[in-house]
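# Report on the structure
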Amino acid sequence: MKAITNRKGGKLNRQYVKYLVASICFSLVFIVLLLIGNVIFDCDTMPSLATIKSYRKAFYSSPVLFAGIVALLFFLLVFLDKHTVGSRRLIPDALRKSFVPAVLLMVCYGIVFISYYPGTWCYDMIQQNRMIAGVEELTGHHPLLHTYLWGLCRWIEGITGGFAKGIAVYSILQIIAFSFALGRVVVCADKVLRNDFVTVLTLFFFLLNPTFALFSFSPTKDVWCTVFFVLALSFICEGKRIPYVVITLLLACMFRNNMIYALVPVAVILFITVAGDRKRIVITSVSVLAGLMLTNAFFFGVLGIPKSDAKEMLSVPIQQIGRAYSEHGDSFTAEERELVDRYIGLDIVGKYNPRISDPLKTTFNNDGFKRDKAGFIRLWAGLGVKYPGTYVTAYLSQYSPYWYVRAKSYEPYTSSPYVEDFIFEDPYYSFERAGLLDPVYNLFHRIAQGSSFILFSRGLPFWICLTALFMSILLKRKTGTAIALVCLFYMLTLFLGPICLARYTLPVLAAAPLMALSVIKRNHNGTEDT
């Protein structure tokens, strides 16, 4: 059977005109943000006549790129509107089992892990390890499930007398879970489209992309969030029963607190726009929210574990106030200076970093904020009225790596690598690399430290979401729209965080094949997916 089956088509109609106009609008937005991002990412300033002259090559080449993107989008929309992916089965059924892609991924990621053995460290793990060791108070600043998981690995290391190194135990457990989840995406692609070419392409996406191999054993909560996030989306894509979706979404939220802020608006949008599935949407949403409320009540109520500080939710206003004071501090009134000193401190100029708000948050007065939240809001809003351009620049500059697709994976302002693949010096837990396969280690270490290749751009997942949503809406793919919305709203929650890191975008990158196949998928009558 042919892989591509033609549908009955006709002359150019209104639908094609709509596709062309939509492609032009989408491409125009992309090009404008690309040009703005080119300047603001490199220079930390909005484009001006002087910067435009410095980047004139980019401006001169933009019309050609614009035309190419319009042509590509229009071709894909027309092609997917007129054709459907047919069944092509060449791979033996015995190789279609769930464990086959998972085992292949485990072997691939295991080879890289051996070169790093017994594992790597992560910045967040320093504090989590000290919580487990009892040196710091256990709080909800980091997901408690992840902190307890690390505690379990430390316990195993203790009862074996150090024979089973805790970091190695953790890495192996994570590789198994991560490989299973990504393998489940491959199986989902196989079941939904029943086309071997798409199945193999999905498998190669996970096998050959070094990002997944590096993160497979990186001890960070984002990997575990990715595990349950892609499992939930694969169940949605396959039309699985509600309990599967609820449990996996609940676990994803428990490993990344901001995931719930992505699910709530998506549930509201789908409830309004998708009349046929409202009962399912309500049951799923209420179940996830109820489960999250119960677990939070247990951890923070029954066990009495303190929640994270209020400053963790104030990255954007703190950063904007910091930039305003750094650039216009001399023109601040006495009251404004007093408020800045009360909440942040007046030594902002030396601490302000356009890509990370943590330096300013270290001196943030949480107690003062709790006593007088209105004063902080008044300060932030008042400065925003006086210096709107500064606020816009501060925001766009801080999050430019998330929306500027050509942003390099290495962040020069913060010295942040693409993947934290080294070992921090920690007096409360130490280990040394004893891995084999030095050529493999050297290759992946170079990638982890940063690359200019667009595959490793932190802005790529954002545009994958936007493109998938754009095409799903135009092609009337309701499953694709739902999945793309969840991914996009999750990305938008990252635009309120303290720093742009690749590991934060990992759930969306891993969900890219699901977004793609949801765009391709259609039902039997050829108009809309089921």
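Residues numbered from 1 in each chain as written. Predicted model: local features only at pLDDT ≥ 70, side-chain atom pairs only at ≥ 80, totals over all residues. Heavy atoms only, no water.

All right, on to the overall build of the protein then. Regarding its fold elements, the protein presents 25 helices and 2 strands. Against the 2.2 N^0.38 benchmark of 24 Å for 530 residues, the protein shows a C-alpha radius of gyration of 24 Å, consistent with a compact globule. If one aligns the C-alpha atoms of the protein with their principal axes, the spans along those axes are about 75 × 65 × 50 Å. Relative to its full complement of 530 residues, the protein shows a buried share of 52%. Taking contacts inside the protein between residues at least 6 apart in sequence as the whole, the part at least 24 apart equals 80%. For the protein, the computed accessible surface area is about 24,200 Å², with 67% contributed by carbon and sulfur atoms. On the protein, the mean spot of the 51 positive side-chain charges and the mean spot of the 34 negative ones are 14 Å from each other. (Helix = DSSP H or I, 4+ residues; strand = E, 2+ residues; numbered from the N terminus. Rg over C-alpha atoms; globule rule 2.2 N^0.38 Å. Buried < 20%, exposed > 50% of the residue type's maximum accessible area, 1.4 Å probe, protein only. Contact = heavy atoms within 4.5 Å. Areas by Shrake-Rupley, 256 points an atom, 1.4 Å probe, with all protein chains shown as cover. Lys, Arg positive; Asp, Glu negative; His and termini not counted. Charge placed at Lys NZ, Arg CZ, Asp CG, Glu CD.)

Any two side chains of opposite charge can pair if their charged atoms end up close together. Scanning the model with the defined rule gives 20 salt bridges in all. Its salt-bridge partner being Asp426, residue Arg130 comes within 3.7 Å of it at the nearest N-O pair. With Arg130 in helix H5 (residues 123-133) and Asp426 in the loop between helix H20 (388-403) and helix H21 (438-449), this residue pair connects regions lying 296 residues apart in the sequence. Given a relative accessible area of 22%, Arg130 falls into the partly exposed group. Among the ionic pairs, Arg342 bridges to Glu338, the shortest N-O distance being 3.1 Å. In this pair, Arg342 and Glu338 are both assigned in helix H15 (residues 334-343), 4 residues apart and thus about one turn of the helix distant. Judged by relative accessible area, Arg342 falls into the partly exposed class, the value being 31%. Exposure remark for Glu338: the relative accessible area of 39% places this residue in the partly exposed category. A network of salt bridges, in which partner residues are shared, links Asp124, Lys221, Asp222, Arg256, Glu420 and Arg503. (Salt bridge = Lys/Arg side-chain N within 4 Å of Asp/Glu carboxyl O.)

To continue, consider unusual backbone geometry. Here the residue pair Tyr117 and Pro118 is connected by a cis peptide bond, since its omega of 5° sits within 30 degrees of zero. As for its placement among the helices and strands, Pro118 is situated in the loop between helix H4 (99-116) and H5. Positive phi outside glycine occurs at Asp44, with the angle close to 55°. For Asp44, the position within the fold is in the loop between helix H1 (14-43) and helix H2 (49-54). Look at Asp44 and you get buried, because its relative accessible area is 15%.

Residues Tyr109, Phe212, Phe229 and Cys487 are the most contacted members of the largest nonpolar core, which totals 135 residues. By residue number, the principal contributor to this core is helix H7 (residues 166-193), which donates 13 residues. Among the nonpolar cores identified, the runner-up in size contains 21 residues, and Ile318, Ala324, Ile348 and Phe369 belong to it. (Core = buried A, V, L, I, M, F, W, Y, C linked by side-chain atoms within 4.5 Å.)

A complete count under the given rule lists 43 aromatic pairs for this structure. Across the ring face of Tyr504, the terminal group of Arg256 is positioned such that the distance to the ring centre comes to 4.8 Å. (Phe/Tyr/Trp six-rings, centres within 6.5 Å; stacked < 30°, edge-to-face > 60°. Lys NZ or Arg CZ within 6 Å of the ring centre and 35° of its normal.)

With that settled, consider the confidence of the model for the protein. Taken over all residues, the pLDDT of the protein has a mean of 88, while the share at 70 or more is 94%. Scored below 50 in pLDDT, residues 524-528 makes 9 contacts in the model with residues more than four places away or belonging to other chains. (pLDDT = per-residue confidence, 0-100.)

Look at helix H22 (residues 460-475) against helix H23 (residues 478-494): their axes get within 9 Å of each other, and the N-to-C directions meet at 150°. Between H22 and H23, the angle falls in the class roughly antiparallel. In this structure, H22 crosses over H23, and the sense of that crossing is left-handed. Contacts from Pro461, Phe462, Cys465, Leu466, Ala468, Leu469, Ser472 and Ile473 of H22 reach H23 at Gly480, Thr481, Ala484, Leu485, Cys487, Leu488, Met491 and Leu492. Here the residues of the contact of H22 with H23 are counted per class, giving 13 nonpolar, 3 polar and no charged. (Axes fitted to C-alpha atoms, helices over the stretch in contact; angles between N-to-C directions. Parallel < 35°, antiparallel > 145°, perpendicular 65-115°, else oblique. Left-handed = near helix turned anticlockwise from the far one by under 90°. Nonpolar A, V, L, I, M, F, W, Y, C, P; charged D, E, K, R; others polar.)

Glancing now at the environment of Ile176. Its place among the elements puts Ile176 in helix H7. You can call Ile176 partly exposed: its relative accessible area is 40%. As a C-alpha pair, Ile176 and Leu263 span 87 residues in sequence and 27 Å in three-dimensional space.

Here we come to the side chain of Ser62. Mapped onto the fold, Ser62 is located in helix H3 (residues 56-82). Apart from the residues within four sequence positions on either side, Ser62 is in contact with Ile31 and Leu35.

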